[in-house]
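# An overview of the molecular structure
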Amino acid sequence: GEDVEQSLFLSVREGDSSVINCTYTDSSSTYLYWYKQEPGAGLQLLTYIFSNMDMKQDQRLTVLLNKKDKHLSLRIADTQTGDSAIYFCAESINDYKLSFGAGTTVTVRA
Amino acid sequence: SAVISQKPSRDICQRGTSLTIQCQVDSQVTMMFWYRQQPGQSLTLIATANQGSEATYESGFVIDKFPISRPNLTFSTLTVSNMSPEDSSIYLCSVKGGNTEAFFGQGTRLTVV
């Protein structure tokens, strides 16, 4: 089935690390994605990971994938005020369409 | 990466009317997708638009309500027909880059009054 779950809210202090968690159900997903949506804007692709990898790092972003537990996380190091946004986890279904989680609203406080 | 332009970026429409949303991509792509994001919700796929064939609609979405055109490999339109306030949403166009990245346009914010 297609069911992606995320926690809805995360509050983090500026300079700390943020960790956003996601679980998915389709074990055949080939790619998993993280998107960022700022207020009034579309979706910005942050990063993605292939299902045969367990980690991917890109500057301040680290993605961890536990395929056995179907758990995906996004860590943002040195969180800044510009990181305040909604973050969506998504899994690819049948290699073409995406199934999205409900989104995690990250609030960065000074 | 693909650059996707959507028009209009936002609109306020009267109930009972229709709105056509355009999506232009800066490169040729096989598959284009239309998603809906209702207020405070996540994204739901409406349909997949392939050039040269009819769009494939997801459960809960029908062609009469959301007709789609795909005249070439860089362009698609989505029409929201006979609108009601429940159609107020952000509508997003998306394309796949190769087998990996999935890119989105900025979205069209529709308010039906």
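The shown structure was predicted, so the numbers you read here are calculated from the model rather than taken from an experiment.

About the criteria used
- Residues numbered from 1 in each chain as written.
- Chains lettered and ligands numbered in written order.
- Predicted model: local features only at pLDDT ≥ 70, side-chain atom pairs only at ≥ 80, totals over all residues.
- Heavy atoms only, no water.
- Helix = DSSP H or I, 4+ residues; strand = E, 2+ residues; numbered from the N terminus.
- Rg over C-alpha atoms; globule rule 2.2 N^0.38 Å.
- Buried < 20%, exposed > 50% of the residue type's maximum accessible area, 1.4 Å probe, protein only.
- Core = buried A, V, L, I, M, F, W, Y, C linked by side-chain atoms within 4.5 Å.
- Contact = heavy atoms within 4.5 Å.
- Pairing = 2+ DSSP bridges.
- Axes fitted to C-alpha atoms, helices over the stretch in contact; angles between N-to-C directions.
- Disulfide = S-S within 2.5 Å.
- Buried area = accessible area lost by both parts, 1.4 Å probe.
- Salt bridge = Lys/Arg side-chain N within 4 Å of Asp/Glu carboxyl O.
- Polar contact = N/O pair within 3.5 Å; in protein donor to acceptor, adjacent residues only side chain to side chain.
- Nonpolar A, V, L, I, M, F, W, Y, C, P; charged D, E, K, R; others polar.
- Phe/Tyr/Trp six-rings, centres within 6.5 Å; stacked < 30°, edge-to-face > 60°.
- Lys NZ or Arg CZ within 6 Å of the ring centre and 35° of its normal.

## Describing the overall build of chain B
Along its length, chain B carries 0 helices and 11 strands. Ordering the α and β elements of chain B from the N terminus gives β-β-β-β-β-β-β-β-β-β-β. For 113 residues, the compact-globule formula gives about 13 Å, and the C-alpha radius of gyration of chain B, at 13 Å, lands near that figure. Oriented by its inertia axes, the alpha-carbon framework of chain B measures out at about 40 × 25 × 20 Å. Expressed as a percentage of its 113 residues, the buried residues of chain B come to 50%.

## Focus: the nonpolar core
Y35(A), L98(A), F100(A), Y35(B), I46(B) and F104(B) are the most contacted members of the largest nonpolar core, which totals 44 residues. Residue contacts for Y35(A): discarding those within four places in its chain leaves L43(A), Q44(A), L45(A), L46(A), I86(A), Y87(A), F88(A), L98(A), F100(A), A102(B), F103(B) and F104(B). Among the nonpolar cores identified, the runner-up in size contains 20 residues, and L46(A), L74(A), A85(A) and V108(A) belong to it.

## Re the sheet that holds strand β7 (residues 68-72) of chain B
All names here are of chain B. The strand order across the open sheet built from 4 strands is β1-β3-β8-β7, with neighbouring strands paired in antiparallel fashion. The open sheet terminates on both sides in strands that have one partner only, identified here as β1 (4-7) and β7. If you compare each strand with its neighbour and ignore which way they point, the axes differ by 15° on average. The pairing of strand β3 (residues 19-25) with strand β8 (residues 75-80) spans 6 bridges and is antiparallel. Residue pairing in the sheet places L19 in a bridge with V80 of β8.

## As for the state of the cysteines
Here, disulfide denotes a covalent bond that connects the sulfur atoms of two cysteines. Scanning the entire structure with this criterion turns up 2 disulfides over all chains. Disulfide pairing places C22(A) opposite C89(A) at an S-S distance of 1.9 Å. The chirality of the disulfide connecting C22(A) with C89(A) is left-handed, given an S-S dihedral of about -60°. One end of the pair, C22(A), is in strand β3 (residues 18-23); the other, C89(A), is in strand β9 (residues 85-93), with 67 residues separating them in the sequence. Considered together, C22(A) and C89(A) belong to a single accessibility category, that of buried residues. Each sulfur in the disulfide pair C23(B) and C93(B) lies 1.9 Å from the other.

## Description of the pairing of β8(B)
Residues and elements named next belong to chain B. Here β8 lies mainly inside the structure; 6 of its 6 residues are buried. Burial along β8 is two-sided: the residues F75, T77 and T79 and S76, L78 and V80 are all buried. Between β7 and β8, which follow one another and run antiparallel, lie 2 residues.

## A closer look at the interface of chain B and chain A
Of the residues lining the interface, 22 residues belong to chain B; the matching set on chain A comes to 18 residues. By the criterion of area lost to chain A, the three top residues of chain B are S42(B), T100(B) and F104(B), representing 25% of everything that side buries. Where chain B meets chain A, there are 1 salt bridge. The partner of E58(B) in a salt bridge is K97(A), and the shortest N-O contact between them spans 2.6 Å. Counting the contacts that link chain B with chain A gives 6 residue pairs in polar contact (both at pLDDT 80 or more). Looking at the side of chain B that touches chain A, the elements with two or more residues in it are β4 (31-37), β5 (43-50), β9 (89-97) and β10 (101-104) of chain B. Across the side of chain B that touches chain A, the residue classes tally to 10 nonpolar, 8 polar and 4 charged.

## Structural notes on the packing of aromatic side chains
A complete count under the given rule lists 13 aromatic pairs over all chains for this structure. With centroids separated by 6.0 Å and ring planes inclined at 65°, the aromatic side chains of Y31(A) and Y48(A) adopt a geometry described as edge-to-face. Taken together, the positions of Y31(A) in strand β4 (residues 31-37) and Y48(A) in strand β5 (residues 44-50) put the pair 17 residues apart, joining distant regions of the chain. Arranged with centres 5.8 Å apart and planes meeting at 75°, the rings of F100(A) and F104(B) form a pair that is edge-to-face. Highlighted residues: F100(A) in strand β10 (residues 97-100) and F104(B) in strand β10, drawn from two different chains. A single burial state applies to F100(A) and to F104(B), both of which are buried. The ring of Y48(A) carries K56(A) above its face, with NZ or CZ at 4.0 Å from the centroid.

Everything listed here is a matter of coordinates, which is why it stays silent on function.
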